[in-house]
Amino acid sequence: MYDYNTARSPLILKEYGRNIQKIMEQLENIDDKNVRTQKAHIMVKLMEIVNPNAELLQKRWDDLFILSNYQLDIDSPIPKPVKSINSQQHYMHRLPMEQIKYKYYGRHMELLIKKISTLSSPKEQEQMLIAAGKLMRRFSSIWNNDYISNERIMEDIKRMLPNDTVLDLEVIRTLPDDGANNGQRSKARYPSKSICTTSTK
């Protein structure tokens, strides 16, 4: 089911988008502190992928606590930041959804795909495509409660690529596709192509 709620809470840190914020909400609801801490480490890595500008580890951990309104209780490798009177500046107004082409992936995923297409190293492209594919499946699950197949991920990446861009997507086929084995493939059916080219024609 799609989430079209226009009364959602405002974005706390716009640079990470709403998907990361929703994952944080799920993280906060984990009862076991050890599990919560493990998931927090994974989330910090996701934050770097979604927002490559957050290169400093200190910043990502600080942002993690800011996303939780400084309420997250974990064993952090970095001291928890102190909430200051200026903390309110982190809160951003909700972006109009019509400005985002793929609502359930978010604007940052589109920017990430474009960035991947400009990488000169094939190895780095493969690594980033794998990370992006996993995030896309995760985000679709969060928003639509829907499992998407590797084929669907490949097709959606093609649609997000800049025009006249050629990108080898074969590595996406290596993603674990457990949902397909359980008969949970996405309803959408797309033709299979490992090399994609976008064009304005």
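Preceding block: the structure.
Treat the numbers as computed from the prediction; the structure is a model and nothing was measured.

Things to note about the overall build of the chain
- A count of helical and extended segments in the chain gives seven helices and two strands.
- Along the chain direction, N to C, the helices and strands of the chain fall in the order α-α-α-α-α-α-β-α-β.
- The contacts in the chain between residues at least 6 apart in sequence include a share of 63% that link residues at least 24 apart.

Some remarks on the layout of surface pockets
- Put simply, the second largest pocket is a space of about 260 Å³.
- Taken together, Ile23, Gln26, Leu27, Ile30, Lys39, Ile42, Met43, Leu46, Lys134, Leu135 and Arg138 form the lining of the second largest pocket.
- Of all the elements in the fold, those that place two or more residues in the lining of the second largest pocket are α1 (17-28), α2 (33-50) and α5 (122-144).
- Looking at the lining of the second largest pocket, the element that brings in the most residues is α2, giving four residues.
- Here the lining of the second largest pocket spans two domains, and each of domain 1 (16-68) and domain 2 (107-174) adds at least three residues to it.

Description of helix α4 (residues 107-118)
- If you check α4, its first and last C-alpha atoms are 17 Å apart, about what twelve residues at 1.5 Å a residue would give, namely 16 Å.
- By the burial criterion, the buried members of α4 are His108, Met109, Glu110, Leu112, Ile113, Ile116 and Ser117.

Structural notes on the nonpolar core
- Of all hydrophobic cores here, the largest spans 48 residues; its most connected members are Ile20, Met43, Leu64, Met109 and Ile157.
- Among the secondary structure elements, those contributing two or more residues to this core are α1, α2, α3 (57-67), α4, α5 and α6 (150-160).
- The element that contributes the greatest number of residues to this core is α5, accounting for eight residues.
- There are two domains that each give this core at least three residues, and those are domain 1 (16-68) and domain 2 (107-174).

Things to note about the packing of α1 against α2
- At a minimum axis separation of 10 Å, α1 and α2 run at an interaxial angle of 175°. Relative to α2, the element α1 is oriented roughly antiparallel. Across the interface between the two elements, Ile20, Ile23, Met24, Leu27 and Glu28 of α1 pack against Arg36, Lys39, Ala40, Met43, Leu46, Met47 and Val50 of α2.
- Of the residues in the contact of α1 with α2, the class split is nine nonpolar, no polar and three charged.

Here we look at the environment of Lys115
- Residue placement: Lys115 occurs in helix α4.
- Through-space distance from the C-alpha of Lys115 to that of Pro52 is 10.0 Å; in sequence the pair is 63 residues apart.

Considerations on α3
- In terms of residue burial, α3 counts as a mostly covered element, since eight of its eleven residues are buried.
- Restricting attention to buried positions, one finds in α3 the residues Arg60, Trp61, Asp62, Asp63, Leu64, Phe65, Ile66 and Leu67.
- Next to the buried residues of α3 lie α1 and α2.
- Following α3 by one or two positions, Asn69 has its phi on the positive side, about 60°.

Side note on the pattern of salt bridges
- Tallying each qualifying case throughout the model produces eleven salt bridges.
- Here Lys33 makes a salt bridge to Asp73, at a shortest N to O gap of 3.4 Å. Of the two residues, Lys33 sits in helix α2 while Asp73 sits in the loop between α3 and α4, which places them 40 residues apart along the sequence.
- A salt bridge links Arg36 to Asp73; the shortest N-O distance between them is 3.6 Å. One end of the pair, Arg36, is in helix α2; the other, Asp73, is in the loop between α3 and α4, and 37 residues separate them in sequence.
- Given a relative accessible area of 42%, Asp73 falls into the partly exposed group.

How each quantity is defined
Residues numbered from 1 in each chain as written. Predicted model: local features only at pLDDT ≥ 70, side-chain atom pairs only at ≥ 80, totals over all residues. Heavy atoms only, no water. Helix = DSSP H or I, 4+ residues; strand = E, 2+ residues; numbered from the N terminus. Contact = heavy atoms within 4.5 Å. 1 Å grid on protein atoms, 1.4 Å probe; cavity = no way out; pocket = protein on both sides within 12 Å on 5 of 7 lines; lining within 4 Å. Points joined across faces, edges and corners; volume = space filled by probe spheres on them. Domains from an automatic or database assignment. Expected span 1.5 Å × (residues − 1). Buried < 20%, exposed > 50% of the residue type's maximum accessible area, 1.4 Å probe, protein only. Core = buried A, V, L, I, M, F, W, Y, C linked by side-chain atoms within 4.5 Å. Axes fitted to C-alpha atoms, helices over the stretch in contact; angles between N-to-C directions. Parallel < 35°, antiparallel > 145°, perpendicular 65-115°, else oblique. Nonpolar A, V, L, I, M, F, W, Y, C, P; charged D, E, K, R; others polar. Salt bridge = Lys/Arg side-chain N within 4 Å of Asp/Glu carboxyl O.

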